[in-house]
Amino acid sequence: MSGPSRHHDGNVPTSPQAHSKPIISRRRLWFWRMAFALGLPLLLLAALELTLRLFGIGFSGRFWVAGNEPGTVKTNYEFARHYTSRKNPPRPFFAQISIKKSPNTFRVFVLGESAAFGTPDPAFGPARHLQVMLEERYPSKRIEIINAAMMGIDSYVLRRIARECAQYDPDLFIIYTGNNELIGLHAPAAEESSLWSNRTLALVNDWGKATYVGQLVRRLVNQWNPPPVQDMAFLRRQRRPANDPRTLKVLENFRVNLDDVLSLGDFPKVLCTLAVNVRDFPPLGSLHRTGLKDEELQLWNEAYALGQAEEQARRYASAIVHYQTAAALDHHYAELHYRLGRCFQRLDNPQKAREHLLRAWELDALPFRADPRISGILRELASTHANKGVLFCDVEAAFARHPSAKMQLPGRELFYEHVHPTFGGTYWLARQLAEATEKACQKDLGTPAAEWLSQAECARHLAYTSLDEYNVAQAMSRLCANPPFLDQADHQWLVADMEREVAQLRQALTQEEVERVLATYYEAIRRRPDDWALRFNLGNAYLQLGKPMEAASTFAWLIKTYPTQYAFQLVYGKTLMALGRADEAQNHLAYARKLAPHDEEIRNTRF
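Residues numbered from 1 in each chain as written. Predicted model: local features only at pLDDT ≥ 70, side-chain atom pairs only at ≥ 80, totals over all residues. Heavy atoms only, no water.

1. Remarks on the pattern of salt bridges
Our working definition: Criterion for a salt bridge: a side-chain nitrogen of Lys or Arg within 4 Å of a carboxyl oxygen of Asp or Glu. To qualify as a helix, a DSSP run of H or I must reach at least 4 residues; to qualify as a strand, a run of E must reach at least 2; elements of each kind are numbered from the N terminus. Relative accessibility decides the category of a residue: with a 1.4 Å probe and only protein chains considered, values under 20% of the type maximum give buried, values over 50% give exposed, and everything between is partly exposed.
In the structure shown here, the tally under the stated rule is 41 salt bridges. Between Glu144 and Arg107 there is a salt bridge, with the nearest N and O atoms lying 2.6 Å from each other. Of this pair, Glu144 sits in strand 5 (residues 142–147) while Arg107 sits in strand 4 (residues 105–112), placing them 37 residues apart in sequence. Of the two residues examined, Glu144 and Arg107, each falls in the buried class.

So this is what it looks like as structure tokens:
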């Protein structure tokens, strides 16, 4: 019997049963290792996120949340907490709208920062002017002008708000933005890496911060390592030259973010340039040119000091000589150009004055005003999207045409400080927005039934009285007495001038004037009885005038109509306390705390 056959190489073949079990390939093994390493933490984070949401440990990151009535949404007072570490962040202007727009309604969302919001009192901001203008001009339409602007935001946050607003059947977006871009939330601080200029990284970071887990992490981190106080020392560290590479990246991100907003939906949009105070607003920060030697800096300081002395003595021609000597050594210093522009203006040389004032604006090392590059991006985007329903509104040019503008530069007649318009400036801004709205949406609006309201008529419709003028002037005086204004040229004189104006307005509030104030409010409320802002301001006016009983009656309407608005509950509680109704007052304070559990001011309020 022959033995087992062999191959020619001498190896004995093995039977199938002799094979060992197949093992997992090295590639698949690493796949499962990575899946476990990444998937388990993600699963745990998802479970933690769900747990925090179920127990209400956090807040909604949405701009719109469920309203007081079914089928409505209202602005989320907590919204700003996802992008700022301030204990009491800015609040959106309260608005409540129907999810499903009612027939014959013309709905407009105004998007932007504090200038669009209406600082210091949004009750008199551009959105409110636009509301009464369109109501009177098109009485057959139901006009909804929704103020979706907010203080302190930039194009990243605006993009987030716009995406939500686009879900509620808008007829028009009005976009007035750009002032906070160069030194805002997503502009890297001086000590931060340029990595934070990466747009994708910024969007992922914003998404993470808006989650409940992200909110918890931020609270813990801020407890262990509190964010820096944004005092003047902090702001001085943020000064940067206009050509800083990180700034150029921020400008590109602004372009892309706004391009996203303009691409939302198929409804019309109005894109505006920004009006800023160039003529009467000294730069907030100035920097010397890179490479300036010590001996050159010493000579520069000497010439600059001589120029200041001559300017103070009103010898403007001599001051210009010294300032030009300094400029020959270093012409990058923003305040130097502002002083040159002012001196040329005093000598009635508008061409040279305008040249230097514009240069001072461009070189401002703390750019809390949109600079010319922002305007250029806005113009370019408007042109790119012109065939997609985007209408360009050149507000910057309109302010240059205003009768009060000198050298085609607007100034203190139209602005309280750098970007926030006075009541007259707000009217002028709203008038440009109104005309652009009419042009963009004439088919939806129909035939106008009246002329545009005048500034005085808008004041009556909005109840902008001498008392409100006093309150606004006082608020702006306080604002300008704090950072970032402290390093400005002649800052003390500017604040003193504002305080003198406040005192004059206070003296003008005679008993006879107070009666006119109240009569104006009564007339405005009779014309617009459902306007919560009119009633809220009237209630505060009553308190200011020592009439708590009348204030309580006014605030009672507000909490009945909007019971879940914490600010109304709080002010009603304070008013009841002034009337000696302590138990009722405490109940409203407790309810306000329940509605706004994270609000530092409410937590610390004691009646």
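2. Here's the deal with the packing of aromatic side chains
Threshold: Centre distance within 6.5 Å is the pairing criterion for rings of Phe, Tyr and Trp, where only the six-membered ring of Trp is used; planes under 30 degrees apart are then read as stacked, over 60 as edge-to-face, and the remainder as tilted. Whether a charge sits over a ring comes down to the Lys NZ or Arg CZ being within 6 Å of the ring centre and within 35 degrees of the ring normal.
Taken as a whole and assessed by the stated rule, the structure comprises 25 aromatic pairs. Taken together, a centroid distance of 5.0 Å and an interplanar angle of 80° make the contact between Phe94 and Tyr562 edge-to-face. With Phe94 in the loop between strand 2 (72–75) and strand 3 (96–98) and Tyr562 in the loop between helix 22 (548–561) and helix 23 (566–578), this pair connects stretches of sequence that are 468 residues apart. The burial state of Phe94 is the same as that of Tyr562; both residues are buried. Ring pairs connect the aromatic residues Phe63, Trp64, Phe79, Tyr83, Phe109, Tyr168, Phe173 and Phe267, which therefore count as one cluster. The side chain of Arg137 reaches across the aromatic face of Trp452, ending 4.3 Å from its centre. Stacked on the ring of Trp557, the Lys or Arg Arg535 has its end atom at 4.2 Å from the ring centre.

3. Side note on helix 17 (residues 455–462)
Note the following rule: Directions pointing from the helix axis toward each C-beta atom define the arc.
For helix 17, the full list of buried residues reads Cys458, Ala459, His461 and Leu462. Down the axis of helix 17, the smallest arc covering the buried residues is 165°, so these residues share one side. Of the residues flanking the end of helix 17, it is Ala463, one or two places downstream, whose phi is positive at about 55°.

4. Focus: the sheet that holds strand 4
Counted only if it meets this: Strand pairing is assigned whenever DSSP identifies at least 2 bridges connecting the two strands. Between the N-to-C directions of two axes lies an angle of 0 to 180 degrees, each axis being a line fitted to C-alpha atoms and, for a helix, fitted only over the stretch in contact.
Pairing is parallel in the open sheet, where five strands are placed in the order 5-4-6-7-8. Each edge of the open sheet is held by one strand with a lone partner, namely strand 5 and strand 8 (390–393). Pairwise comparison of adjacent strand axes, ignoring direction, gives a mean angle of 20° for this sheet. Relative to strand 8, strand 7 (residues 269–272) runs parallel, the two being bridged by four bridges.

5. Details of the packing of helix 22 against helix 23
Rules: Note on terminology: angles under 35 degrees are roughly parallel, angles over 145 are roughly antiparallel, angles of 65 to 115 are roughly perpendicular, and the others are oblique. Note on convention: the crossing is left-handed when the near helix lies turned anticlockwise from the far helix by less than a right angle, right-handed when the turn is clockwise. Residue contacts are counted whenever heavy atoms from the two residues lie within 4.5 Å of one another.
Axis separation between helix 22 and helix 23 bottoms out at 9 Å; the angle between their running directions is 155°. Of the possible angle classes, the one that applies to helix 22 and helix 23 is roughly antiparallel. Classified by chirality, the crossing of helix 23 by helix 22 is left-handed. In this structure, helix 22 contributes Pro548, Ala551, Ala552, Phe555, Ala556, Leu558 and Ile559 to the contact, and helix 23 contributes Phe568, Gln569, Val571, Tyr572, Thr575 and Ala578.

6. Considerations on the sheet that holds strand 1 (residues 64–66)
Read from one edge of the open sheet, three strands run 1-2-3, paired in antiparallel fashion. Each of the sheet's edge strands pairs with one partner strand only, and the pair in question is strand 1 and strand 3. Within this sheet the neighbouring strands show an average axis-to-axis angle of 40°, counted without direction. In the sheet, strand 1 pairs with strand 2 via three bridges, with the strands oriented antiparallel. Bridge pairing links Val65 to Lys74 in strand 2.

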